[in-house]
Amino acid sequence: MSGFDLLDPDRGVFVSAHEGRAAVVFDGSDLLAADLAEGSLGEELRSLRFGDGVGLKVEIESSGPTAELSGDRLPEETVTRAHATGSLHRGGEETALACPAVEVGSTPRVTGQTTRAIAVLLADGGLLALSAVSAPGAEGHGAEEIVAVLAEPEHPADSEDPDAEADAPKGGRSAETLLSTEYDAEGRQRRATLELSPPGEGGEPPLRGAGTLICGATLEVEGARIDTAFFRWSIDGRPGLGRYEIIRPR
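Below is a summary of the structure that appears in this document.

Rules of the game
- Residues numbered from 1 in each chain as written.
- Predicted model: local features only at pLDDT ≥ 70, side-chain atom pairs only at ≥ 80, totals over all residues.
- Heavy atoms only, no water.
- Buried < 20%, exposed > 50% of the residue type's maximum accessible area, 1.4 Å probe, protein only.
- Helix = DSSP H or I, 4+ residues; strand = E, 2+ residues; numbered from the N terminus.
- Pairing = 2+ DSSP bridges.
- 1 Å grid on protein atoms, 1.4 Å probe; cavity = no way out; pocket = protein on both sides within 12 Å on 5 of 7 lines; lining within 4 Å.
- Points joined across faces, edges and corners; volume = space filled by probe spheres on them.
- Nonpolar A, V, L, I, M, F, W, Y, C, P; charged D, E, K, R; others polar.
- Polar contact = N/O pair within 3.5 Å; in protein donor to acceptor, adjacent residues only side chain to side chain.
- Contact = heavy atoms within 4.5 Å.
- Phe/Tyr/Trp six-rings, centres within 6.5 Å; stacked < 30°, edge-to-face > 60°.
- Salt bridge = Lys/Arg side-chain N within 4 Å of Asp/Glu carboxyl O.

Turning our attention to the pairing of strand β6 (residues 45-49). Burial along β6 is one-sided: the residues Arg46 and Leu48 are buried and none of Leu45, Ser47 and Arg49 is. Across 5 bridges, the pairing between β6 and strand β7 (residues 54-69) is antiparallel. Across the sheet, residue Leu45 finds its bridge partner in β7, namely Glu59. If you look at the hairpin formed by β6 and β7, you'll find 4 residues sitting between the two strands, and Asp52 has a positive phi there, around 60°.

See below:
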């Protein structure tokens, strides 16, 4: 299975499309289109078509680090920082796109369970990916399996020194991940905080992050409710943008 996100804050365009899940297109905080993801999501040229003359065609090329997620109950998932070029069509208008993107490849998700997924592009070239799953009705600490990976850029931002990589922040899979979410009256995610314990036994303090809503939409499909949102994030002081998606069984 495959999918992608586009994040173009300069043009105010945010897109998320993942096979078997939701496809949504935002112009700033305005929702242009939302439907089940159908179209060419895994081909070289990715395309989406909606009603009301809304469509998307982009080429996506990997451009940065990759995070690999897996767990006892979590599907294997590969999340890669990428770059997209193409166009967004709405009515008779066409908007050229050249923006950061996220490319996702995964095994099918298990149905009947609540899942949460986060993919954040950090401004310095890093990538944070998170995946979580819990059974319906599961409550309390430990009821949710959650995995997060911080993938650092190949070279530190704003550095021309090839030896500077040795002093770059160390990423990797978090030893423990805590995700707390604030919801609105309709049960949609509005704010979130993260705490990521670094791997190893070095006694390093956890990384902390927080995110606030830019735009979001809810899609009701047979057997599930999908809440897809884009957040503005700060991870240990590093700014970023990214998707926060929740799928709940109905």
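Okay, back to it.
Turning to empty space enclosed by the protein, a few remarks are in order. The final tally for this structure, using the stated rule, is 2 cavities of 30 Å³ or more. Around the largest cavity, the lining is made up of 10 residues, and of these Met1, Ser2, Glu19, Arg21 and Ser106 lie nearest the centre. Elements that contribute at least two residues to the lining of the largest cavity include exactly β1 (2-8) and β9 (93-106). Residue composition of the lining of the largest cavity, by class: 2 nonpolar, 5 polar and 3 charged.

Another point: the side chain of Ser87. One can find Ser87 in strand β8 (residues 77-90). Its relative accessible area of 11% is what places Ser87 among the buried residues. At 3.1 Å, the side chain of Ser87 forms a polar contact with the side chain of His89. Setting aside anything within four residues of it in sequence, one finds Ser87 in contact with Gly55, Leu56, Lys57, Val58, Glu94, Thr95, Ala96 and Leu97.

Where two aromatic rings form a pair, the distance of their centres and the angle of their planes describe that pair. Summed over the entire model, instances satisfying the criterion amount to 4 aromatic pairs. Aromatic side chains Phe14 and Phe230 sit 5.4 Å apart centroid to centroid with 40° between the ring planes, which places their arrangement in the tilted category. Residue Phe14 is found in strand β2 (residues 13-18), and its partner Phe230 is found in strand β17 (residues 224-235); the two are separated by 216 residues along the sequence. Given a relative accessible area of 0%, Phe230 falls into the buried group.

With that out of the way, let us pick up the pattern of salt bridges. As enumerated under the stated definition, the model contains 15 salt bridges in all. When the shortest N-O distance is used, the salt bridge between Glu245 and Arg21 registers 2.4 Å. With a gap of 224 residues between them, Glu245 in strand β18 (residues 238-249) and Arg21 in the loop between β2 and β3 (22-27) connect regions that are remote in the sequence. When its relative accessible area of 1% is taken as the criterion, Glu245 is described as buried. With a relative accessible area of 7%, Arg21 lands in the buried category.

Spatially, the 9 strands line up as an open sheet ordered β13-β12-β11-β10-β18-β17-β16-β15-β14, and their pairing is antiparallel. What marks the edges here is a single partner per strand, and that holds for β13 (172-173) and β14 (176-183). Summarising the sheet, strand β10 (residues 114-122) and strand β11 (residues 127-134) pair through 8 bridges and their orientation is antiparallel. Within β11, the residue paired with Ala117 across the bridge is Ser131.

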